Every structure is written in C-alpha cells, then in structure tokens.
Amino acid sequence: MTTVSRRQFCIGGIALAAAAPLAMSLPAAAQQLKGGTLRVAVLSELANYDPQQLSTVNFHVIKNLYDSLIEYTPEGKPEPSLATEWTIAPDKTSVSVKLRDGVAFHSGTPFKADSVLATLQKGADPKRGKNVFSTMSIVKDWSAPDDRTVVINFKAPVPERQILDLLQFLIPIEAKGIDTVETVPAGTGPFTLVSRAVGQGLRLKANPNYWREKQPIVQDLVFTVFSEDAAASAALESGAVDIIYNGSSRSAARLKSAGYQVFSGPGKLVQVFRINSTRGPFRNKSYRQAFNHLMDRAGILRVGYAGMGEVVAQPWAPASPAFDASYTKAYAYDLDKAKALLAASGLSAAEMKDWKMLVNGSDEASVQISQIVQASLGKVGIPIELDIRQGAEFVSALLGGDFAAVFGAVGNVQKFPSRVTTNSIYRTSQNPILKDPHPHPTYVAAIAKVDGASGGAAEVKASYDNLNKVLVEEAFAIPTNSYEVGLIVASDKVAGVTLEIDNLFVARTIGFK
Amino acid sequence: MTALDPAAIVEELPRPLLQVRDLSVRFPARGEGKALKAVDRVSFDIGPGQTLGLVGQSGSGKSTTGRAILQLQKAHSGSVRLLGEELTTMSATRLRQMRRHMQFVLQNPYSSLHPRMTIGQILREPLLVHRSVPPARLQERVAELLDLVSLDPGMMQRYPHEFSGGQRQRVVIARALAVNPDFIVCDEPVSALDVRTQAQIVTLLQSLQERLGLSYLFIAHDLAIVREVAHRVAVMFRGRIVEMGSAAQVYDSPAHPYTRVLLDAVPVPDPVRQRERLRRAPPDLHFLEGDGGGCVHGTDHASSNTAEWHEVAAGHGVSCRYWPSR
Amino acid sequence: MAARRDAMSAMLGSTLQVLRRLSARRSTSLSFAFLLLVALAAVFADVLPLDPLTQNLADSLMPPSSSAWFGTDELGRDILARVVYGARTSLVTAFGAVVIAALIGVPIGLVAGFFGDWRDSVLMRCIDVLLALPNILFAMALIAVLGRSQAAALVAVGIAGIPNFARIARAQVMALRQLDFVTAVRSFGGGSSYIMFRTILPNALSPLVVQAIVLASIAILLEAALAFLGVGVPPPTPSWGEMLRTGKSYLHEAPTYAVLPGLVLTLTILSFDTIGRALTALLDRHDTGVPERRGR
Ligand SMILES: Nc1ncnc2c1ncn2[C@@H]1O[C@H](COP(=O)(O)OP(=O)(O)O)[C@@H](O)[C@H]1O
Ligand SMILES: [Mg+2]
Ligand SMILES: [Zn+2]
Ligand SMILES: [Zn+2]
C-alpha cells in the first residue's frame, strides 16, 4: 500500500545519473530464447487498464498492453519507442516528435497523431489525467502538422530532462477507445487482452502484429493474483508460476538463496520516518533531532526488508549526486545522543509522549519497523502507542497530513536532488502536512539554492552539502533505508528480463531457455 | 319468585371487603371459532373474616375467577373492588402496593416455591418487595411467620425439596401471610395433599382466619372440605355462578339442578350405597344454553333488563340458566 | 440488597451444581486442565520470568532453544512470552465479549420473552437483523468506526454475541414465566424486573452458562480472526491471531513461529468446545433450565 500511494506521487521523473547497480546484466542472447506460456504471480489486483494510472497495482500490465513514446534504459538513456525521433527547439519551449510508421492498435486502427493528441488531452484533464496530469503542467498546447508528427509547446523554457520525462510518460491510447480505457485496453503493446477474472488474474496473448521484431517471445502471458506473499513463493517453488513480480524483499532474499534469479530495477524507494513538525512535541527542534539517532536503521533494514537495500540518513540513493555516506555514520542509531537531545528539548516526559505513531496496517514491513521505533522510544522513556490503519484510511491520513509521525517511503531518490520535493513531506509549497507558510524556511531556501546552482561543480556541491545539513538539522523527515520495489524473482528456466526505469514489468523480452 | 339483582342479596351483609361485579374473562379462540368465556358475569361479595367457597367441576372457571380477582389475569369486563378500591383499572404501581392486602395460595406446593431459594429467602421476598419490615427485623419476622404456620424456625436455611408437601404448603401460606393481608385466594390449597395432611392444612387455615380476621376465596372441587370451611358457597358452571347461598342453604336445599348433580357425585362413606349410586344412570345433563331461551320461572329478563337470578330464600339465590332441557 | 444477595446465591448454587456434575465427566477434565493452565498463564503472566515486548533484533527468528522455548519472532521477542501474554489478550477479549453480550443480550431476551407483546416483536426483529450480519464483517465494520484497539475488538465480538444470549434467555423466560413459583412472586407484588432478574433468571442460568462457554470459544476465535486480518488488538500487544498473521510469513524461516501459537489457540478453542458440548449434553438430560422436582 505504501508503495502504491508513494508511486502515485513520485513517478514523474527519470534518472539523470546512472541507475543503481543491477542484480543481473541484461539479456545477451534473447533470440535464442523459446516461446511458450509465461506464468507470472502478482500480489495485487489490477485497478484498471488506463496507462495513465501509474500505480504499482497496474505496473504489471502497462508496458505489456501499451508502448510509450520513448523509453529509458535502466541507466536513464532515452531510446525510441513509438516516437522514432524527437527534436527539442533551441529555446526549449517546444518539442517535435516523429511517430513510428506501420504500427497498429490492437483493434487494427493504424497508430497516427490523433491518438497522441487524444492522450495529451486526457493527461491535461485534471479529472482524467491521473498520474500524468502533474507532469502536463509545463505544457501550453499541442498540434499535429501531419499524421506522423506531433508538436508540444511549453509555457516556458523547460530543461531537456523534464521534456524527456514527459515523452516517457506519454503512452498513446487509441483515440476512439479513450473513454473506455479503464475497462477496455486500447494500446499498441506487445500483448493483447484475452480474458480477465477479477480477483484471480489476467490472460494476455502475443500481439501478432507487434512492431518490434521477434517480440514478444512468449505466446501467452498469464498473471495470477496471490493475496499472500508466501503463497506466491510456494507457487514459484512448486513450478506453478515462472516469475513473481513485486513480491516482498524477504521472500526474494530467501528464494535467491534457494537458487532463484532475482532482478531489482533502478527505481528504489527510501523509507522515511515523516514527522509533522506542526504538532505537539514535534514543534521542538531538539526533540525532532533526537529522532535522527533513534532509528535502528540496520535492524529496520533487516527485519522489514530482509537486508535488501542500504541504510541511509538522507533521502538519496547512493547513485544520487547529493548522496553523502558520512551522514549515515554521523546520525547512526545512538540512544545516548538521542537522550541528550531529548533532555536539551526542555519538554516534560508527559509532553514527549503525547502523540501516536500512524502505521500502515496493510503493509507488514511498516508494522514491523514501526514496532522497532516504538521499542527504541520506549528505551528513552517515550512510551507511545501505534495508530494502525488500513488501506484507504491510512492513505488519506498519510497524504492529508493527519498524523504526528509515520513511516512512508519516498521515490525519485535516484534522480535530480530537488525531485525529492515531489514527495508530500518534502514539498516546499502547499505541503499537505506542514502547510503554508512552510515551517522550515531554511529547507525551502536550500532547495531553491540547489535548483539555482547553475555555476561550477563547487557551487553545486556546496548547495548539496547545505541541503543535507539543513535536512538533518530541521529533522522533519528521517530517512532510514532504501529498499527494492517491483522485484522480479524468476525460475532458472526463464531469461531475458528487461529492467524498466520505474520498475514496471516488461514481458516482451522474456523467454524460456 | 321475583327476579333480584344479586347485589341486593348481599346488601344486609357487613360492609364487603371484596366486591366482584359482572366479572368476565375471555380467552381468545385457538384458530377459528368464538372466544372462550371462561368467566361470565360473575358477581359476589366477601365480608371481613368471611370465607366464600367456590365449587364446580374442573374447567368451570374457578381458578380463572380467582386469578382475575387478583389481577393475575386480565378481565374482559366487570369490576373488582378491594377495600373500596377498583383493581381492574388501577395503575401497575398502585396495584403492586395493593397486593399486600390480597394474597394467593396455589394448589401445588411443589411448584409454587422457588427451587433454588431457602425457606428463609422465600419468606423474605415479599417483605423486601413491600419494604414492610425494617431490614434488622427481617430474620425475626421470618421466624414469626414460620411459627405462625407451626413450622420450626430453625428450618430457615433449608431448601424446599427437603420438605414434605404439607410442610411446603405451610411455607406457601406463611409467605402469603408475610405482608399481613386481608384477603387470600386459596386455589385448591389441599387437593395435592394426602387426606390427613389436608385436614391439618384446613385446620390451619381456619385457625389463621380466626386469629387474623382473614377473608378467603376458597376454591375447591371437594365439596366436603368447602362445607367445612366456607360461610357461603357459590356454585360455578361453565363460567357462571348458578347458585349461591350460605353453606347450609346450598348443601341442604340445593336449588339448581347442577348443584344437585354435584352433590350427588360426592362419594358417600358407605361402600354399598356408593356402589349402588354409581350403577344408577347419570342424570340427563342436557342443560339449556347459557344465553337465550326462556326463563324457567317465566320471567322475561331481556325486556325487564334484570339479571337471570332468582332468590329462593334470604341470601340464597339461583340462576335460571343452565337448567336441564325438558 | 438482601434480595440481590439471595438471588445471587441462588445463581451461584445452580452454577456450582452444574460445574460439580460436569467435572465428574472424564472426557472434559483434560479440557478443564488445559483451560486452567491458560487461565493461570493469563493471570500470572507478570510473575513469570517472561518478557513479551523486549526486542532483540540480533536474535530474530531463532528456533526453539533452552533460552527461548518457543523460539523468537522477527523482532527477536520471546514467542513463549508472547503466547503467555497472548492468553491474557484472548481471555480478556473473550471474557469481556461474553460479559457485554450477556449484559445486553440477556435483558433483551428476558424482556422480549416476559412481555411477549410489541416489545417482543421489536426486540427480536433487531436481534434477527444482528444475526443476519456475518460476525466477522460486522466486527470489522465496527472496528473501522471505533478504531483499532482491544476495547474495540472486545465490543465488536461482544455485540456479535448478543443474539445468542437474547434468544436463549427469551426461550427460557417463555418456558418459565407460566410456572407457579413465578405466579406466586407476581401475586405477592413482585414487579416485572424483580421477576425477570430475581426469579426467572436464576433458573434460566444453566443454558446461559453453556452459551457463555460456547460464546467464549467463538470470541477467542473471532478475536484471533480479527487479529489475523490485521484489525485486532494493535501491536505490540501480544495476540495469538496477530502471531499467526505475522508468523505465517515466516513459515519457511521459522515454522514454529506460527505453529506453536496456532496450536495453543486450537487447543483452547477445542477445550471450550468440549466443555460446552458436555454441558449441553448434561443439561439436555436434565430438562434444560426448568428446575428439577426433587424430594417428591
Ligand atoms: N391461559 C388460558 N388460556 C386459554 N384458556 C384458558 C386459560 N386458562 C384457563 N383456560 C380455560 O378456561 C376454562 C376455565 O379454566 P379454569 O379457570 O382453570 O377452571 P377450573 O379452575 O375451574 O378448573 C377452561 O376451559 C380452561 O381450559
Ligand atoms: Mg383450577
Ligand atoms: Zn390490609
Ligand atoms: Zn330467570
């Protein structure tokens, strides 16, 4: 659940720098792979077929029923897909996209500019645009000079990376199917829908007219929904499925040691203990700072995520330019330092424990790591209760800022540092938790400094250092560890797994050895 | 013979303690059919210290009459006045208060005592309900009551099942006496007991009446016992009183054919005569309907708007209903 | 006061009588022994050298050993300690639920059965509605409203048990209210509530005690089910259902984690059920509820 809600907010940009190291190198000899029926276990029921609904629950189908205009390699390099080329105007206020010829939608309708226009129209509609809508905010208008060309104009000059992000986000939907896309897929993707049994699964078959040569490799693609991680593991081990997509880190770790292949994509998440600094004892800076030392990060990573990830004290993946390993050491778990800061806060014992920790009851890892922090707090004399909520109730409390403190993961940690502001707790304006005016102006200033650092490497580095320092000082969000999302665990019979920049599931390159 | 209102008959008696007028009880019919008139326009008075014996065959409505008087059974119509107060229209709260003046002794002493309470607890119940005795005096009063019915006060801690039927009936009577009532309905108080015990209980009831000035409605189908205890006797048939008078009047000169049938059914001590009587064919019991039909005395009650009641002697009346058809 | 004491002792007497007769049965003595053990564990958990809360992340998911007989959970807590304290959670929930169900259900049944008029129709209609709702869904809906806590679980399970008590109490009153000793109390001036609670209730107690035992087992199961679904007593409070819920994720790494609490839960429910069955059989032979006529 965390990852779902998180994803809805954090997809929006693409790595600038190299993505996180891969668990496996990419398929070397896809052409040698054999076809057949690929059976995939998933742990969540599909929400709908709308490719603009970029939630983890839909991650397993989007790239199989649809193609985007461009794709990124796991390292963040743009590659053609439905767009064969794209030209950004020198003033960076428009982009012209050439569309691929000879592509057809599943219905047989040829792929032309009209579908891209309809897709842009939908994305720009606050009611229908879903996760694409916020990315469309830079767009002024668009036009199609001919059937094979689309021109998108921007309101102001836009950095190239952001333009590429938009193109990567645009997944053409057939114009006449756009109103029913939630229930009837209308894409050009490598697979077509055969049937769906709600609550049980989904059956796709290879699109015989797919434009990518020799893809997809398998003829049938079957998704089965498992409500239990353990059941999915058992299915893999018994040979009932070939792949588990987006299972738990713990199962992946166990299966890896049992000889299964594990693939982790570049799109990591960072778990963050979010603090509502407008409430109760959390208004006290020294009290908040104590929490930097109250996180047993190693324990949290091991218990919650089977050790798959890294401990971090900042919301960056190691690949991020702002990553600074010294913080992890300086702000390590240390109850004595925490006690000193608590004492310095001047708060009474009663004031200190006057709050509850919100917990996502639908996410086992969150329940466990919250208990670890609860125990640490108990050791420094702050006995607090957990306020465990499920599903939608949790999500609305989390996003609405109706909490004192809560664990919630953030994304975009492998991207440009200021992209962290797409996550609600790190937002610099209209922050739903901290509200306006932002209670931490030094943080707002530090972000502005990062965005404005156009000078030399030293200036950029100084702006990152400043941001890191401000983050631990203001201590309204305490990162604990990075972890995997969209993990793929595969039997050794399959090969050809492609890693997607946002960890979506791509089946077209997978086949049997 | 002149038609008289039954009330006129009792006018000369001392101020009645209990006054029952036209009391009717109906039970809804099971399924189709008419409602059952279990008690039909029954009227009588009972004076202080007096016993009215109510006799009649089983099912004639005697118990229902008793229960209706005690307001344990809702009356269909009519009035019941105790100590001048109308009971049928009384509020539930007031009625509960009035219950200390009227008590009930049931037929079966085995089922009318709470099986899981000691005798002491049972006798304390009415005292607590009516708060008639200060808590400190409860024990003393319970002992007093047991003494009153000739039971050993040391038995207070015992449970009902440890007692014989006669002893239990004494407990039941003691419970009825707990709140110093004026009037007790005794519904077949001895029919569940063996003959020797019956006599003891009857004697006890009589002596209590003398000592405490109680009034009884004594319901029984055993005419011999009723003759012994009752000052006046009412004969009931199919929900109606067909004859009423002093014990001597009713027993020695029965006026209603049904009363005669009842008296003839009483077994006589002489076995030869008894056998002979049983051999005789039962009398023709084709009685006239209760409603409609002519009066055996030729009175047109409907047009004169009088009760179907005729005085045969002072204080001795008889109904002209349910006479045998000719 | 005195009347209440009298009624109480009457109730107590009848309960003891049943228990005495019951314990004579061989088949139930094992169940009794086990429940006694569970109850003792729940009551004396604090004096035992067991700590259900202290985490030791370095020693998580250890198999059973001499230092931790049932092994440790994912946070390195002692599973035996959590099972023992979990008994407290289970029994408190069960006991509280039974008390709530009885306190609400029995008066409803008494009033409905005693008056038998419009009150009966209205009350029993409500009970039917309650009965038509699936227990677990009803409990979950209620917890969604009340928030997740032991009290909420207890109330939810308790309300789900109201119909059972109401129906049995009603049937008992209908059978008992015609009896002579009830008429006797009415005739000397006992009010309706006096008769319902002091006269009839003590005699209707045996089937209600059976119901309480049956409901206790249902309540323990329901509490475990709620915890298993993640809406029960919130962590870190130990609960068998919660241990099953978490433990099942570790079936590979630490099979005893889920199995041992599951075993204790199963045995507890089985014991309650065995006793409930034995009691039912016993009372069926003895003309349920209506007092025996001894000494005749
Ligand atoms: N609760 C009742 N419901 C329906 N009918 C009843 C009820 N009680 C008594 N009756 C009927 O009323 C008639 C009179 O009964 P009862 O007063 O008990 O007679 P008795 O006491 O003279 O034997 C009988 O026909 C009996 O069946
Ligand atoms: Mg009778
Ligand atoms: Zn009086
Ligand atoms: Zn006449």
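Quick notes on the rules
Residues numbered from 1 in each chain as written. Chains lettered and ligands numbered in written order. Predicted model: local features only at pLDDT ≥ 70, side-chain atom pairs only at ≥ 80, totals over all residues. Heavy atoms only, no water. Helix = DSSP H or I, 4+ residues; strand = E, 2+ residues; numbered from the N terminus. Buried < 20%, exposed > 50% of the residue type's maximum accessible area, 1.4 Å probe, protein only. Areas by Shrake-Rupley, 256 points an atom, 1.4 Å probe, with all protein chains shown as cover. Contact = heavy atoms within 4.5 Å. Near = heavy atom within 4 Å. Polar contact = N/O pair within 3.5 Å; in protein donor to acceptor, adjacent residues only side chain to side chain. Nonpolar A, V, L, I, M, F, W, Y, C, P; charged D, E, K, R; others polar. Pairing = 2+ DSSP bridges. Buried area = accessible area lost by both parts, 1.4 Å probe. Salt bridge = Lys/Arg side-chain N within 4 Å of Asp/Glu carboxyl O. Phe/Tyr/Trp six-rings, centres within 6.5 Å; stacked < 30°, edge-to-face > 60°. Lys NZ or Arg CZ within 6 Å of the ring centre and 35° of its normal. Axes fitted to C-alpha atoms, helices over the stretch in contact; angles between N-to-C directions.

Asker: So what's going on with the overall build of chain B? Which residues, and what values?
Answerer: Assigned secondary structure in chain B consists of twelve helices and twelve strands. With 326 residues in all, chain B has 53% of them scored as buried. Of the roughly 14,900 Å² that chain B leaves accessible, carbon and sulfur atoms contribute 50%.

Asker: I'd love a proper account of the overall build of chain C, names of residues and values included.
Answerer: For chain C, the count of helices and strands is eleven helices and zero strands. The linear arrangement of helices and strands in chain C, starting from the amino end, is α-α-α-α-α-α-α-α-α-α-α. Within the span of chain C, comprising 296 residues, buried residues form 54% of the whole. The long-range share in chain C, meaning contacts at least 24 apart out of those at least 6 apart in sequence, stands at 73%. Roughly 12,600 Å² of accessible area belongs to chain C as shown, and the carbon and sulfur atoms make up 68% of that amount.

Asker: With reference to specific residues and values, describe unusual backbone geometry.
Answerer: Cis rather than trans, the peptide bond between A:Gln215 and A:Pro216 has omega equal to -5 degrees. Geometrically, the link from C:Pro235 to C:Pro236 is a cis peptide bond, its omega value of 10 degrees lying close to zero. As for its placement among the helices and strands, C:Pro236 is situated in the loop between α9 (205-228) and α10 (240-247). A positive phi angle is found at A:Lys214, which is not glycine, with a value near 60 degrees. As for its position among the elements, A:Lys214 is in the loop between β9 (201-206) and β10 (220-225). With phi around 55 degrees, B:Asn180 is a residue other than glycine that occupies positive phi space. Relative to the helices and strands, B:Asn180 is located in the loop between α6 (165-177) and β7 (183-187). Given the relative accessible area of 54%, B:Asn180 is considered exposed.

Asker: Go over the site of ligand 1 with me, naming the residues and quoting the values.
Answerer: All names here are of chain B. In the region of ligand 1, the neighbouring residues are Phe27, Leu36, Ala38, Gln57, Ser58, Gly59, Ser60, Gly61, Lys62, Ser63 and Thr64. In this structure, Ser60 approaches ligand 1 through a main-chain N or O atom, which is 3.3 Å from an oxygen atom. One nitrogen or oxygen atom from the main chain of Gly61 is found 3.0 Å from an oxygen atom belonging to ligand 1. When isolated, ligand 1 has an accessible area of 560 Å², and the protein chains bury 61% of it. Per-element tally for the shell around ligand 1: the top contributor is helix α2 (residues 62-69), with three residues. Per-class residue counts for the shell around ligand 1 are three nonpolar, seven polar and one charged.

Asker: Just give me the short version of the pairing of strand β13 (residues 269-275) of chain A, but keep the residues and values in it.
Answerer: Residues and elements named next belong to chain A. Burial analysis of β13 places seven of its seven residues in the buried class, the great majority of the element. Going residue by residue along β13, you find Leu269, Gln271, Phe273 and Ile275 tucked away on one face and Val270, Val272 and Arg274 tucked away on the opposite face as well. Sheet analysis places β13 next to strand β17 (residues 477-483), joined by six bridges and oriented antiparallel. Its bridge partner being in β17, Arg274 is matched across the sheet by Ala477. Here β13 runs beside strand β16 (residues 405-410); their pairing, made up of six bridges, is antiparallel. In the sheet register, Ile275 faces β16, and the bridge partner there is Ala405.

Asker: Describe the interface of chain C and chain A, naming the residues involved and giving the relevant values.
Answerer: Across the boundary between the two partners, chain C contributes 20 residues, which contact 20 residues of chain A. Buried area between chain C and chain A, both sides added, is near 1,800 Å², and the carbon and sulfur share of it is 48%. For the chain C face of the interface with chain A, the top three residues by lost area are C:Gln55, C:Leu57 and C:His252, together amounting to 28%. Between chain C and chain A we count two salt bridges in total. For C:Lys248, the salt bridge identified is with A:Glu228, shortest N-O distance 3.0 Å. The tally of links from chain C across to chain A stands at eleven residue pairs in polar contact (both at pLDDT 80 or more). Each residue belonging to the side of chain C that touches chain A can be placed in one class, and the counts come to eight nonpolar, six polar and six charged.

Asker: Can you explain the pattern of salt bridges? Please cite residues and give values.
Answerer: All names here are of chain A. Counted under the stated rule, the structure contains 44 salt bridges over all chains. Among the ionic pairs, Glu71 bridges to Arg212, the shortest N-O distance being 3.7 Å. Placement of the pair is Glu71 in strand β2 (residues 70-72) and Arg212 in the loop between β9 and β10, with a sequence separation of 141 residues. For Glu71, a relative accessible area of 11% gives the class buried. Owing to a relative accessible area of 13%, Arg212 belongs among the buried residues under this scheme. In this structure, Arg128 engages Asp125 in a salt bridge whose closest nitrogen and oxygen atoms are separated by 3.1 Å. Judged by its relative accessible area of 28%, Arg128 falls in the partly exposed class. Overall, Asp125 belongs to the partly exposed group, its relative accessible area being 22%.

Asker: A description of the packing of aromatic side chains should follow, citing residues and the corresponding values.
Answerer: Tallied over the entire structure, the rule returns 20 aromatic pairs over all chains. A ring pair is formed by A:Tyr327 and A:Tyr331, whose centres lie 6.0 Å apart and whose planes are at 10 degrees; its orientation type is stacked. Site record: aromatic cluster; members linked through ring pairs are A:Phe273, A:Phe282, A:Tyr287, A:Phe291, A:Trp355 and A:Phe407. Taking NZ or CZ as reference, A:Arg250 lies 3.9 Å from the ring centre of C:Tyr250, over its face. Stacked on the ring of C:Phe115, the Lys or Arg C:Arg119 has its end atom at 3.9 Å from the ring centre.

Asker: I'd love a proper account of the sheet that holds strand β3 (residues 51-55) of chain B, names of residues and values included.
Answerer: Residues and elements named next belong to chain B. Strands sit in the order β6-β7-β8-β3-β9-β10-β12-β11 across an open sheet of eight strands; the sheet is mixed. Only two strands of the sheet have a single partner each, and these edge strands are β6 (102-105) and β11 (309-313). For this sheet, the mean inter-axis angle between neighbouring strands, taken without regard to orientation, is 20 degrees. Docked against the sheet, helix α7 (residues 195-212) engages β3, β7 and β8 (215-219), running at close to 160 degrees with respect to β8. Those strands touched by helix α10 (residues 257-265) are β3, β9 (232-237) and β10 (240-246), and its axis lies near 100 degrees from that of β9.

Asker: Give me the environment of A:Asn207: which residues, what numbers.
Answerer: Residues and elements named next belong to chain A. Tracing the backbone shows Asn207 in the loop between β9 and β10. As a C-alpha pair, Asn207 and Gln219 span twelve residues in sequence and 8.5 Å in three-dimensional space. Ignoring sequence-local partners within four residues, the contact set of Asn207 consists of His106, Thr188, Gly189, Pro190, Phe191, Thr192 and Pro216. Of note is the side chain of Asn207, whose polar atom sits 3.0 Å from the backbone oxygen of Gly189.

Asker: For the sheet that holds strand β18 (residues 488-490) of chain A, give the residues involved together with the corresponding values.
Answerer: The strands that make up a sheet are held in pairs by hydrogen bonds between backbone atoms, and each pair lies either parallel or antiparallel. Residue and element names in this part refer to chain A. Taken together, the seven strands give an open sheet; going across it, the order is β8-β9-β10-β1-β11-β18-β12, and neighbouring strands pair in mixed fashion. Bordering the open sheet on either side are β8 (191-197) and β12 (261-263), each of which pairs with just one other strand. Averaged over all adjacent pairs, the angle separating strand axes in this sheet is 20 degrees, with direction ignored. Note that β12 and β18 share three bridges and pair antiparallel. Paired with Val262 across the two strands is Val489, which belongs to β18. Contacts between helix α5 (residues 229-237) and the sheet are confined to β1 (37-42), β11 (243-245) and β18, with β11 contributing the most and set at about 160 degrees to the helix.

Interpretation note: all reported values are geometric properties and have no functional meaning in isolation.
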